Amino acid sequence: EDQVTQSPEALRLQEGESSSLNCSYTVSGLRGLFWYRQDPGKGPEFLFTLYSAGEEKEKERLKATLTKKESFLHITAPKPEDSATYLCAVQAGDNKFYFGSGTKLNVKP
Amino acid sequence: GAGVSQTPSNKVTEKGKYVELRCDPISGHTALYWYRQSLGQGPEFLIYFQGTGAADDSGLPNDRFFAVRPEGSVSTLKIQRTERGDSAVYLCASSLQGAAIYEQYFGPGTRLTVT
């Protein structure tokens, strides 16, 4: 069964305190792994696509990495405006997208 | 350019009523997805269109749910005989299928409340 699990469910950081979010997956025929940011009351906002193990993508304070079983979203020196829920999704061989439940990040000043 | 839009943003209806939720995808995007998101959960796949046809509707929970995309652009999700358990945020996303990039762009969602 295709499955995506994110951890931790919630994470509280002080401003400037770097950390990582985890997304582990089991899926048939991975086509891509996606990271999204979701603010309260809004739809998910696309951040990154990763296609193959070993790939890395960066954007400002965020860096996403991918292995054969999991992905990490590294947040370097976060700021309060980085507070949001971060969602991981995988696109399987059937073209469907399977989402994790997200990690709710709270960065305190 | 314009992103994905959804109307209405909020819908309150009584149990047993019929509702329609509309999605306007990004112009030129051939793939369109509907999801349902409950509080504290990630989006749950409902149905996927490629052009006008439903390529995969395996996520629709039962036959009260139906979606159409008659001209390959705007889509409508239809829910008959609504139940309180249908209350959730319904998200629509579109993507440029056929290209090397498959990321989805989401609309803001419609919050459905069944009383």
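The following paragraphs examine the structure supplied in this document. All residue numbers refer to position in the chain's written sequence, counted from 1. To label them, take the chains in the order written and letter them from A, then take the ligands in the order written and number them from 1. This being a predicted model, a pLDDT of at least 70 is required before a residue's local features are given, and a value of 80 or more before pairs of side-chain atoms are given or counted; all residues contribute to the totals for chains, interfaces and linings. Computation of side-chain values covers all heavy atoms of the structure but excludes hydrogens and water.

### Some words on the overall build of chain A
For the record, the criterion: The helix and strand labels rest on DSSP assignments: H or I over at least four residues marks a helix, E over at least two residues marks a strand, and numbering proceeds from the N terminus. Computation of the radius of gyration draws on C-alpha atoms alone. For the globule rule, the value is 2.2 Å times the number of residues to the power 0.38. Using a 1.4 Å probe on the protein chains alone, a residue whose accessible area is under 20% of its type maximum counts as buried, one over 50% counts as exposed, and one in between counts as partly exposed. The contact definition used throughout considers only heavy atoms, calling two residues in contact when any of these lie within 4.5 Å.
If you tally the helices and strands in chain A, you get zero helices and eleven strands. Tracing chain A from N to C terminus, the helices and strands come up as β-β-β-β-β-β-β-β-β-β-β. Computed over C-alpha atoms, the radius of gyration of chain A comes to 13 Å, within 12% of the 13 Å expected from 2.2 N^0.38 for 109 residues, which places it in the range of a compact globule. Its C-alpha atoms give chain A principal-axis dimensions of about 45 × 30 × 20 Å. For chain A, buried positions account for 47% of its 109 residues. In chain A, the proportion of contacts linking residues at least 24 apart, taken out of those at least 6 apart, comes to 54%.

### Some details on the state of the cysteines
Residue and element names in this part refer to chain A. Threshold: Throughout, disulfides are identified as pairs of cysteine sulfur atoms within 2.5 Å of each other.
Per the stated rule, a full pass over the model turns up two disulfides over all chains. Between the sulfur of C23 and that of C88 lies a disulfide, 1.9 Å long from S to S. An S-S torsion of about -60 degrees defines the bridge between C23 and C88 as left-handed. With a gap of 65 residues between them, C23 in strand β3 (residues 19-26) and C88 in strand β9 (residues 84-91) connect regions that are remote in the sequence. Each member of the pair, C23 as well as C88, carries the same accessibility label: buried.

### Focus: the interface of chain A and chain B
What counts here: A 1.4 Å probe defines the accessible area here, and the buried area is the portion of it lost by two parts on being joined, summed over both. We call two N or O atoms a polar contact when they sit within 3.5 Å, provided that within protein one can donate a hydrogen and the other can accept it, with sequence-adjacent residues counted only if both atoms are side-chain atoms. Lys, Arg, Asp and Glu make up the charged group, whereas Ala, Val, Leu, Ile, Met, Phe, Trp, Tyr, Cys and Pro make up the nonpolar group; the residues left over, Gly among them, are polar.
On the chain B side, the residues contacting the 19 residues of chain A number 22 residues. Taking both sides of the interface into account, the surface hidden between chain A and chain B amounts to around 1,600 Å²; carbon and sulfur atoms contribute 53%. Considering only the surface of chain A that becomes buried against chain B, K96, F97 and F99 of chain A emerge as the three largest contributors, covering 31% of it. Scanning the region where chain A abuts chain B turns up five residue pairs in polar contact (both at pLDDT 80 or more). Every element with two or more residues in the side of chain A that touches chain B is listed here: β4 (32-38), β5 (45-50), β9 and β10 (97-99) of chain A. For the side of chain A that touches chain B, the leading source of residues is β4 of chain A, giving three residues. Here the residues of the side of chain A that touches chain B are counted per class, giving eight nonpolar, eight polar and three charged.

### Considerations on the sheet that holds strand β1 (residues 5-7) of chain B
Residue and element names in this part refer to chain B. Note the cut-off: Between any two strands, at least two bridges found by DSSP are needed for them to pair. Fitting a line to C-alpha atoms yields each axis, with helices limited to the stretch in contact; the angle taken between N-to-C directions then spans 0 to 180 degrees.
On the basis of which strands lie adjacent, the open sheet formed by four strands has the order β1-β3-β8-β7 and antiparallel pairing. The open sheet has two free edges, formed respectively by β1 and β7 (65-68), since each of these has just one partner strand. When strand polarity is set aside, the average angle formed by the axes of neighbouring strands in this sheet is 15 degrees. Summarising the sheet, strand β3 (residues 19-24) and strand β8 (residues 75-79) pair through five bridges and their orientation is antiparallel. Bridge pairing in β8 links C23 to S75.

### Focus: the pattern of salt bridges
Quick reminder of the rule: Salt bridges are counted wherever a side-chain nitrogen of Lys or Arg sits within 4 Å of a carboxyl oxygen of Asp or Glu.
All chains considered together, the criterion is met by eight salt bridges over all chains. Across the pair E55 of chain A and K57 of chain A runs a salt bridge whose closest N-O atoms are separated by 3.6 Å. Classification of E55 of chain A by relative accessible area gives buried; the value is 18%. Of the charged contacts in the structure, one is a salt bridge between R36 of chain B and E44 of chain B, with a shortest N-O distance of 3.9 Å. The class of R36 of chain B is buried, set by a relative accessible area of 13%. Residue class for E44 of chain B comes out partly exposed when judged on its relative accessible area of 38%. Linked by salt bridges that have partners in common, R64, E83 and D86 of chain B make up one network.

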